[in-house]
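# Structural overview
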Amino acid sequence: MPALQAVSDLSGPPVAMESKRAAGGRGASRHQPAPRPRWRFFASAMLVGLGALLARLQPAPLLRAARWLEPHEPPGLALVARLLVDAVGWYTSSPNSRWVSFPDVHAHTAPLPAGKRKVVFLGPSCGHISYTMGFVAGMLEDAALVDSMRAADAVFGGVSSGALAAMYANAEMHGVGNITFWHRRDMLQLGLNVDRYSPLVLGQEVEKVARAYYTTCMEAINGTGDVPYTGPSLETTTSIPWLSAFPIVATQAGTLRPHFLSSYDGEEQYVSSLVASCFVPVIFGLWPWVIAQGRRVFDGYIGMWLASFPSSYLFLSFLRTMPPDLLNAPNKLPVDAQFDTSEGGIFTKSWPFGDTEWNIERFETGKADVRANRGTIRAMILDFLQS
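Note that the coordinates shown come from a computational prediction; the quantities given were computed from them, not determined experimentally. (Residues numbered from 1 in each chain as written. Predicted model: local features only at pLDDT ≥ 70, side-chain atom pairs only at ≥ 80, totals over all residues. Heavy atoms only, no water.)

All right, on to the pairing of strand β9 (residues 313–317) then. Of all five residues making up β9, five are buried, and the element is well covered by its neighbours. Alternating positions in β9 separate into two faces, Tyr313, Phe315 and Ser317 on one and Leu314 and Leu316 on the other, with burial throughout. As paired strands, strand β2 (residues 118–122) and β9 are joined by four bridges and run parallel to one another. Residue pairing for β9: Val120 is matched across the bridge by Leu314. Strand direction decides the pairing type here: β9 and strand β10 (residues 332–334), joined by three bridges, are parallel. (Buried < 20%, exposed > 50% of the residue type's maximum accessible area, 1.4 Å probe, protein only. Helix = DSSP H or I, 4+ residues; strand = E, 2+ residues; numbered from the N terminus. Pairing = 2+ DSSP bridges.)

Structure below.
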């Protein structure tokens, strides 16, 4: 009887069961949200731990490790890339889909900025940004090519570090400095600060670079700065005209889908958007994302896998981080495969090292590669602009 009495006491009156439901206990409604799977917690913890480890390392040990790992290009890179894009596609697709084939993933088309007909889009280059800027500087040495870009209402755009190179290219196109000036003033100092501290300061450094760029361009346009302005005459303005059509890509946190940005309302919005396109979670700062135009976003590389670039875009690739056959862009200029003569593979080119001589050498190599292939590069870009 005592045992039966205990069971009776445990059952309790109906009111007790209702209170359990209200408190979210075992009797809670099945419409309550399910707890998150444990694997997400462990995966996030591993990512944070790995990022914190890399962020604390100085660039020099990373360079030595990269050179040891990479005597040749990784043979399985294309396979890994294919698996990654399928995994991202599966994650962002309908719950009814167990697997997604590659062509079905690209459902997010890059928009054409207002008032523009063509976009020369610079892919990510990580620590290879000095070469990227040198290559673009070599392109802009060609007066006929620059005139053709202006006639075609073309603009530079980019993703991640390619967005940094693109913003400097647009400044030169509109008469504020040239890329050699921007590289010497901003990017070399950024590299020195990374080398002095760690990659963890990259988020702050990119923000400082973006603010310095905005201030310099505004002062040049209004005739109050040290950098001369050689563009078309403009009235005193409170904004930079070409930033109304500057396409960059970030990745939406959670969905991993691309978030396209092309116009910016003032300095703060522009700076936050540019930082977002470059922001590698944890490594650029101990945060999983940043806020840009009201969204949680981070580096645009992952989102680019799900992007579809229309025929009005010409995609320039500088690192083999994405095999050309997996990039959904009808117009591609594979700089890394056809023209890049710099030494090293994907690992040794990916880390942002603070060696000034090394960065200057890569910048000059980029310019030299354009000069050595001037006719081919001009023909490929003019064919795109005139198509």
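There's more to say after this.
Interpretation of this model should avoid reading the predicted coordinates in detail wherever pLDDT is low. Per-residue confidence for the protein gives a mean pLDDT of 79, with 71% of residues at or over 70. A low-confidence stretch, residues 1–36 (pLDDT under 50), is modelled with three contacts involving residues beyond four sequence positions or located in other chains. Throughout residues 94–105 the model reports pLDDT below 50, and contacts reaching past four residues in sequence, or to other chains, amount to 20 contacts. (pLDDT = per-residue confidence, 0-100. Contact = heavy atoms within 4.5 Å.)

This brings us to the nonpolar core. Ranked by internal contacts, the top residues of the largest apolar core, which has 96 residues, are Phe135, Phe156, Tyr270, Phe309 and Leu316. A per-element tally of this core places helix α10 (residues 202–221) first, with ten residues. The contacts of Phe156, once residues within four sequence positions are left out, are Val120, Leu122, Val136, Met139, Leu140, Met149, Ala166, Ala169, Asn170, Met173, Phe246 and Pro247. (Core = buried A, V, L, I, M, F, W, Y, C linked by side-chain atoms within 4.5 Å.)

Moving on: the packing of helix α6 (residues 129–140) against helix α15 (residues 356–372). Put simply, α6 and α15 touch, their axes get as near as 7 Å, and they point 35° apart. Seen from above, α6 lies across α15 with right-handed handedness. Where α6 approaches α15, its residues Ser130, Tyr131, Met133, Gly134, Phe135, Ala137, Gly138 and Met139 are matched on the opposing element by Asn359, Arg362, Phe363, Thr365, Gly366, Lys367, Asp369 and Val370. Its residues assigned to classes, the contact of α6 with α15 comprises seven nonpolar, six polar and three charged. (Axes fitted to C-alpha atoms, helices over the stretch in contact; angles between N-to-C directions. Left-handed = near helix turned anticlockwise from the far one by under 90°. Nonpolar A, V, L, I, M, F, W, Y, C, P; charged D, E, K, R; others polar.)

Moving on to the side chain of Asn170. Note on placement: Asn170 falls in helix α8 (residues 161–173). For Asn170, the contacting residues outside a window of four places in its chain are Val155, Phe156, Trp242 and Phe246.

Here we take up the packing of aromatic side chains. Applying the stated criterion across every chain yields a total of 19 aromatic pairs. Note on Phe121 and Phe309: the rings are 5.2 Å apart at their centroids and 50° apart in plane angle, and the pair reads as tilted. Taken together, the residues span a long stretch of sequence, with Phe121 in strand β2 and Phe309 in the loop between β8 (307–308) and β9 at a distance of 188 residues. Taken as a pair, Phe121 and Phe309 share a single burial class, namely buried. Cluster of aromatic residues (ring-pair linked, three or more members): Tyr168, Phe181, Trp182, Tyr213, Tyr214, Phe246, Tyr264 and Tyr270. (Phe/Tyr/Trp six-rings, centres within 6.5 Å; stacked < 30°, edge-to-face > 60°.)

With that out of the way, let us pick up the pairing of β2. Among the five residues of β2, five are classified as buried, and the element is accordingly described as predominantly covered. Taking every second residue as pointing to the same face, both faces of β2 are buried, with Lys118, Val120 and Leu122 on one and Val119 and Phe121 on the other. Bridge analysis of β2 against strand β3 (residues 154–159) gives five bridges, and the strand direction is parallel. In the sheet register, Val120 faces β3, and the bridge partner there is Phe156.

For α10, built from 20 residues, the straight-helix expectation of 28 Å at 1.5 Å per residue is met to within 8% by its first-to-last C-alpha distance of 28 Å. Trailing α10 by a residue or two, Gly223 shows a phi angle of about 70°, which is positive. (Expected span 1.5 Å × (residues − 1).)

Let us look at α6. Given 3.6 residues to a turn, an α-helix orients residues that are three or four positions apart in the same direction. Its twelve residues give α6 an end-to-end C-alpha distance of 16 Å, which sits within 8% of 16 Å, the value for a rise of 1.5 Å per residue. α6 sits mainly inside the fold: twelve of its twelve residues count as buried. Among all positions in α6, only Ile129, Ser130, Tyr131, Thr132, Met133, Gly134, Phe135, Val136, Ala137, Gly138, Met139 and Leu140 are buried.

Looking now at unusual backbone geometry. With a phi close to 50°, Cys126 is a non-glycine residue in the positive phi region. With respect to the element layout, Cys126 can be found in the loop between β2 and α6. According to the relative accessible area criterion, Cys126 is partly exposed, its value standing at 36%. Phi at Val282 is positive, roughly 75°, even though this residue is not glycine. As for its position among the elements, Val282 is in the loop between α11 (267–278) and β6 (290–292). With a relative accessible area of 6%, Val282 lands in the buried category.

Here we take up the packing of α6 against helix α9 (residues 179–196). At a minimum axis distance of 9 Å, the contact between α6 and α9 shows a crossing angle of 160°. The pairing of α6 with α9 is recorded here as roughly antiparallel in orientation. Where α6 crosses over α9, the two elements pack in a sense that is right-handed. Along its contact with α6, which presents Ile129, Ser130, Met133, Val136, Ala137 and Leu140, the element α9 presents Ile179, Trp182, His183 and Met187. The class makeup of the residues in the contact of α6 with α9 is eight nonpolar, two polar and no charged. (Parallel < 35°, antiparallel > 145°, perpendicular 65-115°, else oblique.)

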